[in-house]
Each structure stands twice: as C-alpha cells, then as structure tokens.
Amino acid sequence: MRVLLVHPPQPQARAQRELENLMPPLNLLYLAAYLRREGHEVKVLDLYAEPRGPAEELSAMAGFSPEMAGFATYPGSIDEVYRLSAALKTASPKTFVVLGGLYASYLPEIALSQCPADAVVMGEGEATLAELAGRLAGGVSPAGLTGLCLRVPGGFSRGAPRPPLPGLDALPWPAYDLINFDAYRLPPTRAVTGGRVSSVLSARGCNFNCSFCAHHYGYACHVRVRRPEDVVEEMAHVAQTYGVKEFRFEDCAFTADPSRAEKICGLLKERLPGLAWNCDVRADTASDRLFAAMRAAGCSRVFLGVETGSPKLLGAPGANKAIRLDQVRAAVRLAKKHGMRINCSFVLGLPGETRQTARESLDFALELDPDYAMFSVLMPVVGSSIFDQAVKEGKIDPAAYRGGHYLAAYSGAGRVVPMCDLPAEELVALMLAFNKKFCSRPAYVLRRLLAVRSAAELRSLAWGAAHIFAR
Ligand code: B12
C-alpha cells in the first residue's frame, strides 16, 4: 500500500530556527525502511526541515494519494499535526491516518480526541505500523492490534502494549534515499565542517530514569545496541552515497557502554578518516581512554547534560540524574584535554530549586568554563515523571498542555510551569541573566573569537551574541 509519513513543521520565530538542529528524521526513515521491506511504497514529507504554505502542504500530502498516512508527534508541534491530519482527512477521507511518537504514545486518547486521526501507534513503531499496513492492505480490521490505540464507534480501544524489539540488528538501515540532504544542517554551536550532515543511531533506549526525561517511556528504559560494524558500515554508505561529512549520534548516551563506543571509534578511524561527528555523553562514562579514542576517530564536540550545579538537587528524586559533580568536572577536563569542544546544558526550575541552588548552577558553569553553556527552564515533557507529577499537582491539564520547545521559553513564547517555589517569571529572568553572564566574560569572548576559523563561524558567533543579548 502507499504510505505517507509526515514530520510536522515546528512553528517558531526565525531566530529560533537558526539555533535549531535540522537533522534527518530517523524515526520516519526507520519506519519507511521497514515498511518498504514489507513491500509497501513510502513517501516521507519533512515539513520541519522544509516548511511550506498550507496549500502546498496539502498538495504534497494528498498528491501522493496515500492509503495510509502517519504523523510523528512532538509536544511543541502537536497542534500542527492536528491541523494537518484534519486537512488530509477532509481532502482524502479514505486515507487511514495514524499518529506515532512519544507524545501520542503517552496520551493516545487525548490525541485522538483532538483530531480526526484513526489510530495511534504506541511506542516503538516498526512492527506495529507494518502489521497495521498489512491488515489494511488485506482488508482485515486493525481492531485489537498489539501496540495500537484505535478510534472505535463511541470511543477508543487500546490494544495491549507491544514490547520493544528485542534487538536492533534485524532492522534495515533508515531509508535515507527518501530525503533531500540539502535541507539539513546543524546549528552554529554544533557544526564543524559546514558540509552535509546526517544523524545516526547506534543504540536505542536508556538505562536511567531522569525525572525530566521522557525516553524511558518509549523504550521501556533499557538500552539495545547495534553491532559496531553495522553502524560504521551504515555511516560509510551515507557518507559515500550522499556526500555527508558530519554526523550526529542521536543515541541517548553514546558512551553508555564505553567498550562498545571505543570499538565504534576504532572502526570509524580506520574506515572513515577525516569524518567529523558529535554525540551526547554521560559524565559518569567519561575516561581518558574513551575520549582519546573518540577524538582520534573524529569526534569534535560532545554534549553533557549537567542539569544543575547543586549536588543536593542532582541526586534527589527531583532530578534523579545519578551523576556527581566531580564526574562532571572530570568529563569537562578530559574533553578539553583531548581538544573536543564541550557544550554543557543546565536546567533551571527542577523540584527544590531555590535562588541559592540556581546560583550554584551558574557558579558551577563558570568554574567548568566549557566552550558553550546553555541554561534552559524546565518544561515538564509529556512522558516524563515530572509531567506526571505536574498533572497530579493540578499544574497541567494534559489535554490543553502544549509542552513547548526548549527555545520557546527563551523567546518568551513558552508557558513555563514552575515545579519549584520560584515563579515562572523569575526562572525565565534567571535563565536570561545566566546565559548573558556566561557569555559576556571578556576572557570567554576573546577565546571564542580566537577559535574562529571562517567568515561563516564569525557570522554565527555574532548572530549568537546578538540573540543572547537581545533580551
Ligand atoms: C533528534 C531529536 C530531536 C530533534 C527532532 C527532529 C529530528 N530530526 O529528529 C529536535 C532537536 C528538533 C528535537 C526537539 C525536541 N525534543 Co527531541 N529528541 C531527539 C532524539 C535525540 C532522537 C530522536 C530519534 O531520532 N530517535 C530515534 C527513533 C528511531 O526513535 P523515536 O524517535 O522514538 O521513534 C520511534 C517511535 O517513537 C515511533 N515513532 C516516532 N514517530 C513516529 C511516527 C509514526 C507515524 C509512527 C507510527 C511511529 C512513530 O516509532 C519510531 C521507530 O521505532 C530523541 C532521543 C532519542 N534518542 O530518541 C529526543 C526526544 C524525542 N526529544 C524529546 C524532547 C523532550 C524534545 C523537545 C521537547 C526538547 C525541548 N524541551 O524542547 C523538543 C520538542 C520539539 C517539539 N516540536 O516539540 C524527548 C521526547 C519528547 C516527547 N515526549 O515527545 C526525547 C525522547 C528526548 C528525551 N530524552 O526525553 N528532538
């Protein structure tokens, strides 16, 4: 059958878009590859990377005459999915419309009650979507399908949850041929080569349970890894076929298993010398040996979720991050030692946050002195335990709540839901002040300027400074 997969647009100011990660939608590309292997014809429409006006959106969707259409859902663009699915249903009432991704997976009945979609694929999507397509193609009712929440007369019927795939090695590579690589780029704070970019996934899941993170819901909170050889083979294929020069590992924690990460690095060094890539690391996995291997294999930037400089908040159930400040110090020191740029991210407003603990975060960022530090305000995200807590405390009505994008609070567009005793306005003011404070230190400004290697980098630095100091 003909299946259309849509990545929704992200409504945001142009300024926000400049800072955005515009990377290939691996979720849809994995689904597409799986469906194609089962004999279906698939089109991927990435309106996030290539936004269009409403009429063009509709013609791009309906022009394919899809028998089934799937929309990815994210908290900050769920209204776009409601709008697009309604437009498609009106234009093409026979198209079976399905939603997927963490937002709809966690709140399927709410999502179905706010738009005319027929069903929600809950959790990891490949097997459920393929079975659904198979049933629809064969004229068999999807009722009772594992992993599916279906609209039925007078309500919704939730099938049993589908367990995550036991392993990843049987999955086909993402269907990269369905996207236009020219539409993607990393933001200035992440890009290194200025060449074509791609995302890649070497593992799914996470073994931790940070209170502000939604990931454990989708993947039942355990890591499943791919064979290092297959990961590197895929990257070589993408580099050679599409001229990609730079990758971002979208794994929740690329370094979760340091010996496997080292193996990937060894293969990359051998197979793809000169490639640039970046990834997220957990502070408690950093080691001299691992960082040396990563640098030698082309890793140029690492991202570290520090979250807070308050040891009290970091380990408390409010964050449940399970790392220590001394591990963060060591990770930042090692990244600097090995010449990898390091971005540290902090969140203000964790449960228990006070002016004092917020100040500790600023002081810690100044002490660490990474290449970039980003302070954001906590926005409870659908699927996280903080979200559940906010609902329980009556601070959020799940049907009305729009989680918001991390840049939304920055631009003043997002509604902050305080999970601590500090009011929303103060959290936003602290965020703006801390980002300014971090970036306005003369030694830091000088270091950033001295690190500039191209006119494009200088432009993006000037743009970043203007953005931070504009508010
Ligand atoms: C890349 C990424 C982004 C990109 C997304 C664009 C892109 N090109 O992919 C950007 C940077 C824009 C982004 C933004 C945000 N993200 Co993000 N992001 C990720 C990340 C790192 C990788 C996503 C990925 O490719 N995963 C690999 C694929 C295979 O897994 P998957 O996405 O879960 O998809 C599977 C299923 O969910 C399902 N599925 C997904 N889509 C669909 C669609 C259909 C039709 C079907 C049937 C099934 C289905 O099937 C897929 C295959 O099994 C994940 C973390 C992670 N490692 O997964 C976080 C993650 C998805 N993001 C998250 C968050 C919180 C955000 C932000 C809200 C952050 C913020 N505070 O602003 C924003 C939201 C933006 C918005 N519009 O609201 C959360 C989940 C949020 C949620 N509840 O939906 C995650 C899980 C991170 C986390 N640890 O909490 N993100």
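Predicted, not measured: the structure shown is a model, and the values here were computed from it. (Residues numbered from 1 in each chain as written. Predicted model: local features only at pLDDT ≥ 70, side-chain atom pairs only at ≥ 80, totals over all residues. Heavy atoms only, no water.)

The subject of this paragraph is the overall build of the chain. Along its length, the chain carries 18 helices and 15 strands. Computed over the C-alpha atoms, the radius of gyration of the chain is 22 Å, within 12% of the 23 Å expected from 2.2 N^0.38 for a compact globule of 471 residues. With the C-alpha coordinates of the chain rotated into their principal frame, the extents come out at 65 × 55 × 40 Å. Across the 471 residues of the chain, 56% fall into the buried class. Considering only contacts in the chain between residues 6 or more positions apart, those separated by 24 or more positions represent 74%. (Helix = DSSP H or I, 4+ residues; strand = E, 2+ residues; numbered from the N terminus. Rg over C-alpha atoms; globule rule 2.2 N^0.38 Å. Buried < 20%, exposed > 50% of the residue type's maximum accessible area, 1.4 Å probe, protein only. Contact = heavy atoms within 4.5 Å.)

Turning our eyes to something else, we now look at the packing of aromatic side chains. Under the counting rule described, the total for this entry stands at ten aromatic pairs. Summarising the aromatic geometry, the rings of Phe249 and Phe254 are spaced 4.3 Å apart at their centres and angled 35° between planes, so their arrangement reads as tilted. Grouping residues by exposure puts Phe249 and Phe254 together as buried. Look at Phe387 and Tyr401: their rings are 5.8 Å apart centre to centre, the planes differ by 45°, and that puts the pair in the tilted class. Remark: Tyr401 occurs in the loop between helix H15 (385–392) and helix H16 (424–439) and Phe387 occurs in helix H15; sequence separation between them is 14 residues. (Phe/Tyr/Trp six-rings, centres within 6.5 Å; stacked < 30°, edge-to-face > 60°.)

When the terminal C-alpha atoms of H16 are compared, their 23 Å separation across 16 residues agrees well with the 22 Å that a helix rising 1.5 Å per residue should span. Along H16, the residues that are buried comprise Ala424, Leu427, Val428, Leu430, Met431, Leu432, Phe434, Asn435, Phe438 and Cys439. (Expected span 1.5 Å × (residues − 1).)

A separate point is unusual backbone geometry. The phi dihedral of Glu307 falls on the positive side, at around 70°, and the residue is not glycine. Among the structural elements, Glu307 can be located in strand S13 (residues 299–307).

This part covers the environment of Glu270. Positionally, Glu270 belongs in helix H10 (residues 258–271). As a C-alpha pair, Glu270 and Ala297 span 27 residues in sequence and 8.2 Å in three-dimensional space.

This next bit is on the domain arrangement of the chain. Per the domain assignment, the segments making up the chain are domain 1 (2–158) and domain 2 (185–439). The straight-line distance from the C-alpha centre of domain 1 to that of domain 2 is 27 Å. (Domains from an automatic or database assignment.)

Take the nonpolar core next. The nonpolar side chains of soluble globular proteins are, as a tendency, buried together. Counting 109 residues, the largest nonpolar core has Leu5, Trp277, Met294 and Leu304 as its most contacted members. There are two domains that each give this core at least three residues, and those are domain 1 (2–158) and domain 2 (185–439). Formed by 43 residues, the second largest nonpolar core is a distinct cluster that contains Leu45, Tyr106, Ala319 and Phe387. (Core = buried A, V, L, I, M, F, W, Y, C linked by side-chain atoms within 4.5 Å.)

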